[in-house]
Amino acid sequence: AQTVTQSQPEMSVQEAETVTLSCTYDTSESDYYLFWYKQPPSRQMILVIRQEAYKQQNATENRFSVNFQKAAKSFSLKISDSQLGDAAMYFCAYRRETGANNLFFGTGTRLTVIP
Amino acid sequence: NAGVTQTPKFQVLKTGQSMTLQCAQDMNHEYMSWYRQDPGMGLRLIHYSVGAGITDQGEVPNGYNVSRSTTEDFPLRLLSAAPSQTSVYFCASSYGPMKTQYFGPGTRLLVL
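My aim in this report is to walk through the structure given alongside it, one point at a time. Residue positions are given per chain, counted from 1 along the sequence in the order it is written. By the order in which they are written, chains take letters starting at A while ligands take numbers starting at 1. Confidence filtering applies because this is a predicted model: local features only for residues at pLDDT of at least 70, side-chain atom pairs given and counted only at 80 or more, and all residues used for totals across whole chains, interfaces and linings. Calculated side-chain values reflect all of the structure's heavy atoms, with hydrogen atoms and water omitted.

A separate point is the interface of chain A and chain B. With 22 residues of chain A at the contact, the number on the chain B side is 26 residues. By convention in these notes, a salt bridge is any Lys or Arg side-chain nitrogen within 4 Å of a carboxyl oxygen on Asp or Glu. Inspection of the region where chain A meets chain B yields zero salt bridges. Polar contacts, as used here, are pairs of N or O atoms within 3.5 Å; protein pairs need one atom able to donate a hydrogen and one able to accept it. Residues neighboring in sequence count only if both atoms are side-chain atoms. There are four residue pairs in polar contact (both at pLDDT 80 or more) connecting chain A and chain B. Secondary structure is summarised from DSSP: a helix means a run of H or I of at least four residues, a strand means a run of E of at least two, and numbering begins at the N terminus for each. When contributions to the side of chain A that touches chain B are tallied by element, the ones reaching two or more residues are β5 (32–39), β6 (46–52) and β10 (88–96) of chain A. Ranked by residues supplied to the side of chain A that touches chain B, first place goes to β5 of chain A with four residues. Working rule for contacts: check all heavy atoms of both residues, and any pair within 4.5 Å makes them a contact.

Below, the structure is given as structure tokens:
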């Protein structure tokens, strides 16, 4: 079974600074997808960024980028120029390429942005 | 385009009562899923559907039933609510197995 581990229950960052959230996963598959979702207090799950395992290039979406280390099964999220609106729970998620379209989630990291 | 909608937003049930959580999407997505979110446990898959008329169990299916009579709707039924089902429930949909899942706003359920 696939497992996703987020070892940082809470993180904080000063506004305008950079923070990195960690995620590791366990799988025997060679092809899969990885995601970071943001959950603000409204509870809505919002896709932040996605990475296909077959791509060596790290995904980037504006201030959000990932460091994908396939051999190490690591998938960290870097948030640059942190803003107050970035404060939320962040979930790392894994999905196999084939079979059911379900996501396996980590337990989340609560990010606080300090003004 | 409303995306994925869920009703109700919040519900209180007594143990043993039944209810249906509604989920609808207007994006013509084939894949739909139900997750529950409990404190400290992330989201876990309850049931999913790969198309109208096709459903399957996820990680934590016990106590829940689903059906998929149309592409748009994927209701989740609790036949006899238990306090252990107190949780926040999310519905999600996507075009297909390789596509990004989009989540509804969630339903908060409290079972007394």
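A few words on unusual backbone geometry. Both trends apply: most residues other than glycine have a negative phi, and most peptide bonds are in trans. Cis geometry is adopted by the peptide bond preceding P8 of chain B, which originates at T7 of chain B and carries an omega value of -5 degrees. Despite not being glycine, A16 of chain A shows a phi value in the positive range, around 80 degrees. Locating A16 of chain A in the fold gives a position in the loop between β2 (10–14) and β3 (19–21). Positive phi outside glycine occurs at N28 of chain B, with the angle close to 60 degrees. Positionally, N28 of chain B belongs in the loop between β3 (19–25) and β4 (31–37).

This brings us to the state of the cysteines. All names here are of chain A. Cysteine sulfur pairs qualify as disulfides if the two atoms are within 2.5 Å. In this structure the tally under the stated criterion is two disulfides over all chains. Each sulfur of the disulfide joining C23 and C92 lies 2.0 Å from the other. As the torsion about the S-S bond is roughly -70 degrees, the C23-C92 disulfide counts as left-handed. Of the two residues, C23 sits in the loop between β3 and β4 (24–26) while C92 sits in strand β10, which places them 69 residues apart along the sequence. When accessible area is computed with a 1.4 Å probe and restricted to protein chains, residues below 20% of their type maximum are described as buried, those above 50% as exposed, and intermediate ones as partly exposed. Accessibility expressed as a relative area gives 1% for C23, which makes it buried. Taking the relative accessible area as the measure of exposure, C92 reaches 0% and is therefore buried.

Next up on the list: the pattern of salt bridges. Residue and element names in this part refer to chain A. Going through the model one piece at a time under the given rule, you end up with six salt bridges over all chains. Between R50 and E52 there is a salt bridge, with its nearest N and O atoms 3.1 Å apart. Its relative accessible area of 22% is what places R50 among the partly exposed residues. Overall, E52 belongs to the buried group, its relative accessible area being 12%. For R63, the salt bridge identified is with D86, shortest N-O distance 2.8 Å.

This part covers the packing of aromatic side chains. For this analysis, a ring pair means two rings from Phe, Tyr or Trp (six-membered ring only for Trp) whose centres lie within 6.5 Å, classed as stacked if their planes differ by under 30 degrees, edge-to-face if by over 60, and tilted for the remaining angles. What the rule picks out here adds up to 15 aromatic pairs over all chains. With 6.4 Å between their ring centres and 50 degrees between their planes, Y94 of chain A and F104 of chain A make a pair best called tilted. Taken together, the positions of Y94 of chain A in strand β10 and F104 of chain A in strand β11 (residues 104–105) put the pair ten residues apart, joining distant regions of the chain. Judged by centre distance (5.7 Å) and plane angle (45 degrees), the rings of Y35 of chain B and F103 of chain B are tilted. Placement of Y35 of chain B in strand β4 and of F103 of chain B in strand β10 (residues 102–103) is noted, with a sequence separation of 68 residues between them. According to the relative accessible area criterion, Y35 of chain B is buried, its value standing at 0%. Here the aromatic residues F35, Y37, F91 and F105 of chain A together with Y35, F90 and F103 of chain B are joined through ring pairs into a cluster of three or more.

Another point: a nonpolar patch on the surface. All names here are of chain B. Here the term patch refers to residues with relative accessible area over 30% and no salt bridge, with like charges joined within 9 Å and nonpolar side chains (Val, Leu, Ile, Met, Phe, Trp, Tyr) within 5 Å. Surface exposure here means Shrake-Rupley accessible area, sampled with a 1.4 Å probe, where a residue is shielded only by the protein chains that are shown. A cluster of nonpolar side chains, contributed by F10, V12, L110 and L112, occupies part of the molecular surface with about 360 Å² of accessible area. Relative to the assigned elements, L112 resides in the segment after β11 (107–111). Residue classification places L112 among the exposed positions, given a relative accessible area of 58%.

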